[in-house]
Amino acid sequence: YNPPQLAPIVFVIDGVSADFPRHLLLIALHHSDTTRAMRYEAVVANKKGGAVGRVERTNLTMKNGIVEAPIPSDMETINQPAEYALIFRLFTSDNKLVGEQRKDFALPAPPVPSLVERASTALNTSPWLGWSLGGIAACLIGIWLVRTFVPRKRKPLPRPQNLEPVFIRTPMPVLSPSLVGVVAAGTAAALAAPSYLAAPSNPPALWPSGGDSPPGPRPSPAGLSAPTTAILEVTSGSGLGRQYTLTDAEMSIGRADDNDIVLVDSYASRKHARVAKLGDRYVWSDSSGVTEPTHINGNLVSAAHALSDGDSIEVGRTTLVFRRIQQKGPSAAETQRTAMASVTPPPGRPLLLVIGGVQHTVAPGMTIAAQELSGAGAGHVQATIAEVMPNPEDASIMGLRNLSGTPWTVTQPNGETVVIEDGRAVLLDDGVKIDFGGAEGSVQR
């Protein structure tokens with residue numbers, strides 16, 4: 001018995017091309033037996049015979065007479081047309097060689113990959129790169145969520161250090177008719193100092209006529225301040241409404257305590273700017289190295305700027321307005337002070353401040369330490385809790401300024417009580433009692 005012999009397989013390679021976007025080598029193949037399972041391997045070489053790439057032995061799969069094989073990577077990196085040779089070997093399913101053919105072919109230069117294609121290739125070849133980029137993105141998103149939704153504790157603004165002492169006018173004790181005129185003159189002089197004035201809305205009668213001012217013309221608010229030529233007024237920011245008089249030839253402005261004008265503004269520099277008086281002009285100039293330069297009327301200040309009446313000056317988050325004050329002869333307050341200068345208070349015993357049985361003679365500049373108060377001072381932060389401040393117009397009229405950081409309770413001779421806040425002062429007079437917060441003091445003559 002002789003079994004039938006299988007017919008030999010004949011195959012032909014018709015052509016070779018490349019599909020660069022899909023990274024495939026397309027081989028057009030024709031063979032005589034399409035019913036049996038076949039296997040193949042391929043080697044690609046350049047014109048000089050050097051191997052460019054190899055396709056290991058694998059099952060033969062054809063689509064419309066085309067074999068799709070992975071293209072060697074070296075064929076995709078070349079930047080010009082090139083000629084190659086394909087050695088194609090066909091095997092049976094049991095790996096018996098059927099035949100081998102060589103086919104020369106040429107390919108154009110592969111197209112330049114786009115940025116997206118390069119990134120995709122890098123991520124496919126290096127998976128760790130994708131994990132790294134994902135981790136960085138997750139960290140950035142987490143930081144943004146924390147800064148957006150988690151409340152932050154803001155640093156409190158520093159306490160202003162340039163608060164001026166203010167005298168609070170309190171009811172005076174009932175005096176004999178012979179002393180009413182003298183006390184009225186002294187009280188009027190004390191009330192003439194604007195930086196020490198904080199009168200209540202309904203002050204009691206201090207004069208024989210029953211009014212709240214001495215007989216004669218009443219000075220206007222403008223006449224109460226010392227004659228000046230210009231001021232800086234805070235119109236927005238911390239210290240709203242505060243006015244600074246430009247009295248010196250040059251005044252410094254900034255956040256530091258040693259400036260002539262101290263701004264409580266964390267956006268202002270420590271030494272921010274200076275205002276110099278040149279004749280009848282005032283010139284603004286920023287200091288070197290300021291973090292946020294000044295804007296005047298919305299324009300950035302890059303050099304010295306001559307100020308005009310009504311100029312708006314932005315320093316950090318604070319807005320100042322420059323105003324000129326024109327003088328037209330003596331003010332009503334000057335006339336009143338000239339008339340009162342002829343009244344001399346009668347000589348008498350000095351004022352004494354008695355605290356815990358210890359007598360202190362009241363004199364300008366005298367200070368009271370916390371240690372001098374029995375039962376007081378333990379809760380105070382500052383060692384000096386009080387200072388005697390003379391009236392700038394009449395040194396014989398003095399007040400006690402609160403430096404303790406806590407309010408005092410003052411009892412007048414008529415029994416009325418007044419609260420003196422930190423930074424304020426109370427007019428010292430016979431019969432006044434002061435509760436320092438644990439220790440009591442009284443004023444005597």
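Refer to the preceding data block for the structure.
Just so we're clear, the structure is a prediction, and the values are computed from it rather than from any experiment. (Residues numbered from 1 in each chain as written. Predicted model: local features only at pLDDT ≥ 70, side-chain atom pairs only at ≥ 80, totals over all residues. Heavy atoms only, no water.)

**Q** Just to check I follow, could you spell out the pattern of salt bridges for this structure?
**A** Opposite charge on two side chains allows them to pair when their charged atoms are near. In the structure shown here, the tally under the stated rule is 14 salt bridges. Of the charged contacts, one joins Glu-68 and Arg-22 as a salt bridge, the two residues approaching to 3.3 Å between their closest N and O atoms. Taken as a pair, Glu-68 in strand β6 (residues 66-70) and Arg-22 in the loop between β1 (11-19) and β2 (24-31) lie far apart in primary sequence, 46 residues in all. On the accessibility criterion, Glu-68 (31% relative accessible area) is partly exposed. The class of Arg-22 is partly exposed, set by a relative accessible area of 45%. (Salt bridge = Lys/Arg side-chain N within 4 Å of Asp/Glu carboxyl O. Helix = DSSP H or I, 4+ residues; strand = E, 2+ residues; numbered from the N terminus. Buried < 20%, exposed > 50% of the residue type's maximum accessible area, 1.4 Å probe, protein only.)

**Q** Would you mind going over the packing of aromatic side chains with me for this structure?
**A** Any aromatic ring pair is given by two values, namely how distant the centres are and how the planes are angled relative to each other. This model, assessed by the stated rule, comprises six aromatic pairs. Ring geometry for Trp-144 against Phe-149: centres 6.1 Å apart, planes inclined by 85°, an arrangement best described as edge-to-face. By relative accessible area, Phe-149 is classed as exposed at 59%. Consider the rings of Trp-408 and Phe-436, whose centres lie 5.1 Å apart with planes at 75°: the pair is edge-to-face. With Trp-408 in strand β26 (residues 408-411) and Phe-436 in the loop between β29 (433-435) and β30 (440-444), the pair connects residues that are 28 residues apart, well separated along the chain. (Phe/Tyr/Trp six-rings, centres within 6.5 Å; stacked < 30°, edge-to-face > 60°.)

**Q** I keep staring at the packing of helix α2 (residues 115-125) against helix α3 (residues 127-149) and nothing clicks. Help me out?
**A** Think of two packed helices as two axes; the pair is described by the angle between the axes and how far apart they sit. Two elements in contact, α2 and α3, have axes separated by 4 Å at closest approach and are oriented at 105°. The angle between the axes of α2 and α3 places the two elements in the roughly perpendicular class. Taking contact as the criterion, the partners of Ala-122, Leu-123, Asn-124 and Thr-125 in α2 are, on α3, Pro-127, Leu-129 and Gly-130. (Axes fitted to C-alpha atoms, helices over the stretch in contact; angles between N-to-C directions. Parallel < 35°, antiparallel > 145°, perpendicular 65-115°, else oblique. Contact = heavy atoms within 4.5 Å.)

**Q** Would you mind showing me how to read the side chain of His-272 here?
**A** Checked against the element boundaries, His-272 lands in the loop between β13 (261-262) and β14 (273-278). You can call His-272 buried: its relative accessible area is 0%. Of note is the side chain of His-272, whose polar atom sits 3.1 Å from the backbone nitrogen of Ser-269. With residues near it in sequence (within four places) discarded, His-272 still touches Ile-253, Gly-254, Asp-286, Ser-287, Val-290, Glu-292, Pro-293, Thr-294 and Val-315. (Polar contact = N/O pair within 3.5 Å; in protein donor to acceptor, adjacent residues only side chain to side chain.)

**Q** Just checking my understanding: could you explain the pairing of strand β3 (residues 38-46) for this structure?
**A** Taken across its nine residues, β3 has seven buried, putting it largely inside the fold. Where β3 meets strand β7 (residues 82-92), nine bridges bridge the pair, whose relative direction is antiparallel. Across the sheet, Ala-42 pairs through a bridge with Phe-88, a residue of β7. (Pairing = 2+ DSSP bridges.)

**Q** I would appreciate a short explanation of the sheet that holds strand β21 (residues 352-355) in the present structure.
**A** Sheet strands pair by backbone hydrogen bonding; their relative direction is either parallel or antiparallel. The strand order across the open sheet built from six strands is β22-β21-β30-β29-β26-β27, with neighbouring strands paired in antiparallel fashion. The strands lining the two open edges of the sheet, one partner per strand, are β22 (358-361) and β27 (417-420). The average angle at which neighbouring strand axes cross in this sheet is 25°, direction not considered.

**Q** Help me understand a nonpolar patch on the surface, please; the structure alone is not making it clear to me.
**A** A cluster of nonpolar residues, Leu-123, Leu-133, Ile-136, Leu-140 and Ile-143, forms a patch on the protein surface that exposes about 490 Å² of accessible area. Looking at the nonpolar patch, the element that brings in the most residues is α3, giving four residues. Here Leu-140 is to be found in helix α3. (Patch = residues over 30% accessible without salt bridge, like charges linked within 9 Å, V, L, I, M, F, W, Y side chains within 5 Å. Areas by Shrake-Rupley, 256 points an atom, 1.4 Å probe, with all protein chains shown as cover.)

**Q** What exactly am I supposed to notice about the nonpolar core here?
**A** Inside soluble globular proteins, nonpolar side chains tend to come together where they are buried. Among the nonpolar cores identified, the biggest contains 26 residues, and Met-75 and Phe-88 are the most heavily contacted of them. Looking at this core, the elements with two or more residues in it are β1, β2, β3, β4 (51-59), β6, β7 and β8 (97-107). At five residues, β7 tops the list of elements feeding residues into this core. Once you skip the residues sitting within four places of it in the chain, Phe-88 turns out to touch Phe-11, Ile-13, Ile-27, Leu-29, Tyr-40, Glu-41, Ala-42, Gly-99, Glu-100 and Gln-101. (Core = buried A, V, L, I, M, F, W, Y, C linked by side-chain atoms within 4.5 Å.)

Interpretation in functional terms is not warranted from these geometric data alone.
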